[in-house]
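One letter stands for each residue in the lines below.
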Amino acid sequence: MELYTSGRELRNLLKSLKKEGKSVGFVPTMGFLHEGHKSLMVKARRENDILVASVFVNPTQFGPGEDLEAYPRDIERDKDLMESAGVDYVFFPSVQEMYPTGYNTYVDVEGPLTILMEGASREGHFRGVATVVSKLFNLCVPDRAYFGMKDAQQVSVVQRMVEDMNMDLEIIPCPIVREDDGLALSSRNTYLDEKQRKDALVLSRSLGRAREMIDGGIRDAHLIHDEMKNMINEIDYAKIDYIQIVNARTLEPLQLVTGDVLIAVAVWVGKPKLLDNIRLEVE
Ligand code: AMP
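Here we summarise the structure given alongside this text. Note that the structure is predicted; figures quoted are calculated from it, not measured.

Cut-off values and rules
Residues numbered from 1 in each chain as written. Predicted model: local features only at pLDDT ≥ 70, side-chain atom pairs only at ≥ 80, totals over all residues. Heavy atoms only, no water. Pairing = 2+ DSSP bridges. Helix = DSSP H or I, 4+ residues; strand = E, 2+ residues; numbered from the N terminus. Axes fitted to C-alpha atoms, helices over the stretch in contact; angles between N-to-C directions. Contact = heavy atoms within 4.5 Å. Phe/Tyr/Trp six-rings, centres within 6.5 Å; stacked < 30°, edge-to-face > 60°. Buried < 20%, exposed > 50% of the residue type's maximum accessible area, 1.4 Å probe, protein only. Lys NZ or Arg CZ within 6 Å of the ring centre and 35° of its normal. 1 Å grid on protein atoms, 1.4 Å probe; cavity = no way out; pocket = protein on both sides within 12 Å on 5 of 7 lines; lining within 4 Å. Points joined across faces, edges and corners; volume = space filled by probe spheres on them. Parallel < 35°, antiparallel > 145°, perpendicular 65-115°, else oblique. Left-handed = near helix turned anticlockwise from the far one by under 90°. Nonpolar A, V, L, I, M, F, W, Y, C, P; charged D, E, K, R; others polar. Core = buried A, V, L, I, M, F, W, Y, C linked by side-chain atoms within 4.5 Å. Salt bridge = Lys/Arg side-chain N within 4 Å of Asp/Glu carboxyl O.

Either a parallel or an antiparallel arrangement is found when strands of a sheet pair, and the pairing is made through backbone hydrogen bonds. Pairing is parallel in the open sheet, where 6 strands are placed in the order 1-4-3-2-5-6. Of all the strands in the sheet, the pair left with one neighbour each is strand 1 (2-4) and strand 6 (170-174). Pairs of neighbouring strands in the sheet enclose a mean axial angle of 25°, with direction left out of account. Strand direction decides the pairing type here: strand 3 (residues 50-55) and strand 4 (residues 89-91), joined by 3 bridges, are parallel. Across the sheet, the residue bridging to Val-52 is Tyr-89, located in strand 4. Packing against the sheet, helix 2 (residues 35-47) makes contact with strand 2 (24-29), strand 3, strand 5 (144-148) and strand 6, and its axis sits at approximately 155° to strand 5.

Here it is in structure tokens:
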């Protein structure tokens, strides 16, 4: 495994490998890697000749007052995990490398995909995501890029951008990896103390309850929403950012739960805001 801090050098190398007919799989991350990230890399490893992963805590996707400085980092541990997942090249740029003095170009995906959920509570977040992902695609020249469904909205936004901007690659969504008890893996879980770690299970439990209600024939989104809200509010210090029941493709809110449905929750459990979701086909 080789580590590159220069985008130009990495791209030159990857372009010459692609000329030999090799395919490139790419997994972008912000580091502090866990088994969720690794599952993306393992899949990408199987499906491509060359595997590139990036580690970059992207400042443009953090809003004011968010945890940019405090975001957990451990590149040495990350390198071990990437090596064990079979990564060939790690792109580990500095902020200056990605956003040099005079930098002034941003990619903005407009419309319903970025209005709700993370778009509502984190102004400019998806502009930062779309911008950095475009830059990373230009530097890592992937044939396929792998994204986790834990950030379901991010997957939709990136897919929209790739289609709208005629980018020549395929986006591969990958399932959420969870702890045995159901908690979705996240770098932000490290902020949780023991009690919060237990209480954080309320996210996956509330989604499980929503699924039960739908299996039981309930189709009224308000009923499901309120049931989830009540469950989460039983944790007295938990603060709900949103509970959204939406069409999984358009991310538009549903009154009637039917079709390709995404149920997404975001809850502050102490310091970190945790995300979770389920996607289901409802008749
Ligand atoms: P991040 O480092 O948080 O930006 O995440 C990098 C990629 O890993 C994103 O595509 C995430 O959706 C994905 N990811 C993070 N956590 C998980 C998880 N628990 N299961 C699957 N993918 C994940």
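We are not done yet, so read on.
The description of an aromatic ring pair uses the distance of the two centres, along with the angle that the planes make with each other. Tallying each qualifying case throughout the model produces 7 aromatic pairs. Centroid distance Phe-62 to Tyr-71: 5.9 Å. Interplanar angle 80°. Geometry classified as edge-to-face. The exposure class of Tyr-71 is buried, given its relative accessible area of 7%. Following the ring pairs from residue to residue traces out a cluster consisting of Phe-56, Tyr-99, Tyr-103 and Tyr-106. One cation-aromatic arrangement involves Lys-239 over Trp-268; the distance from NZ or CZ to the ring centre is 4.2 Å. The cationic tip of Lys-273 hangs over the ring face of Trp-268; the distance from NZ or CZ to the ring centre is 5.5 Å.

Turning our attention to the layout of surface pockets. Computed from the structure, the second largest pocket encloses a volume of approximately 270 Å³. What lines the second largest pocket is a set of 16 residues, among which Leu-113, Ser-156, Gln-159, Ala-248 and Arg-249 lie closest to the centre. Mapped by element, the contributors of at least two residues to the lining of the second largest pocket are helix 5 (112-115) and helix 8 (152-164). Broken down by element, the residue count for the lining of the second largest pocket peaks at 6 residues, all from helix 8.

Contact geometry of helix 10 (residues 201-215) with helix 11 (residues 221-233) gives a least axis separation of 9 Å together with a crossing angle of 150°. For the element pair helix 10 / helix 11, the angle class is roughly antiparallel. At the point where helix 10 passes helix 11, the crossing takes the right-handed sense. Every residue of helix 11 that contacts helix 10 at Val-202, Arg-205, Ser-206, Leu-207, Arg-209, Ala-210, Met-213 and Ile-214 is listed here: Leu-223, Ile-224, Glu-227, Met-228, Met-231 and Ile-232. Class assignment for the residues of the contact of helix 10 with helix 11 results in 10 nonpolar, 1 polar and 3 charged.

What the 3 strands build is an open sheet, ordered 7-8-9; its pairing is antiparallel. At either margin of the open sheet sits one strand with a lone partner, and together these are strand 7 (239-247) and strand 9 (273-282). On average, adjacent strands in this sheet sit at an angle of 10° to one another, irrespective of strand direction. Here 10 bridges tie strand 8 (residues 259-268) to strand 9, and the two strands are oriented antiparallel to one another. Bridge pairing in strand 9 links Val-261 to Leu-280. Helix 10 rests against strand 8 and strand 9 of the sheet, and its axis sits at about 15° to strand 9.

The next subject is the nonpolar core. Counting 47 residues, the largest nonpolar core has Leu-14, Val-52 and Phe-137 as its most contacted members. Of the residues forming this core, the biggest block, 9 residues, is contributed by helix 7 (residues 125-140). Sequence-distant contacts of Phe-137, defined by excluding residues within four places in its chain, comprise Phe-26, Pro-142, Ala-145, Phe-147, Val-158, Met-161, Val-162, Met-167, Leu-169 and Ile-171. By size, the runner-up hydrophobic cluster in this structure holds 29 residues, among which are Leu-192, Met-213, Met-228 and Val-261.

Quick look at the pattern of salt bridges now. Tallied over the full model, the rule gives 22 salt bridges. Of the charged contacts in the structure, one is a salt bridge between Glu-212 and Arg-209, with a shortest N-O distance of 2.9 Å. Highlighted residues: Glu-212 and Arg-209, both in helix 10, separated by 3 residues, approximately one helical turn. The exposure class of Arg-209 is partly exposed, given its relative accessible area of 28%. A salt bridge links Arg-249 to Asp-260; the shortest N-O distance between them is 2.9 Å. Of the two residues, Arg-249 is situated in the loop between strand 7 and strand 8 and Asp-260 in strand 8; the sequence distance between them amounts to 11 residues. The exposed category is assigned to Arg-249, whose relative accessible area is 59%. Here Asp-260 falls in the buried class, since its relative accessible area comes to 10%.

This is a description of form; function is not addressed.
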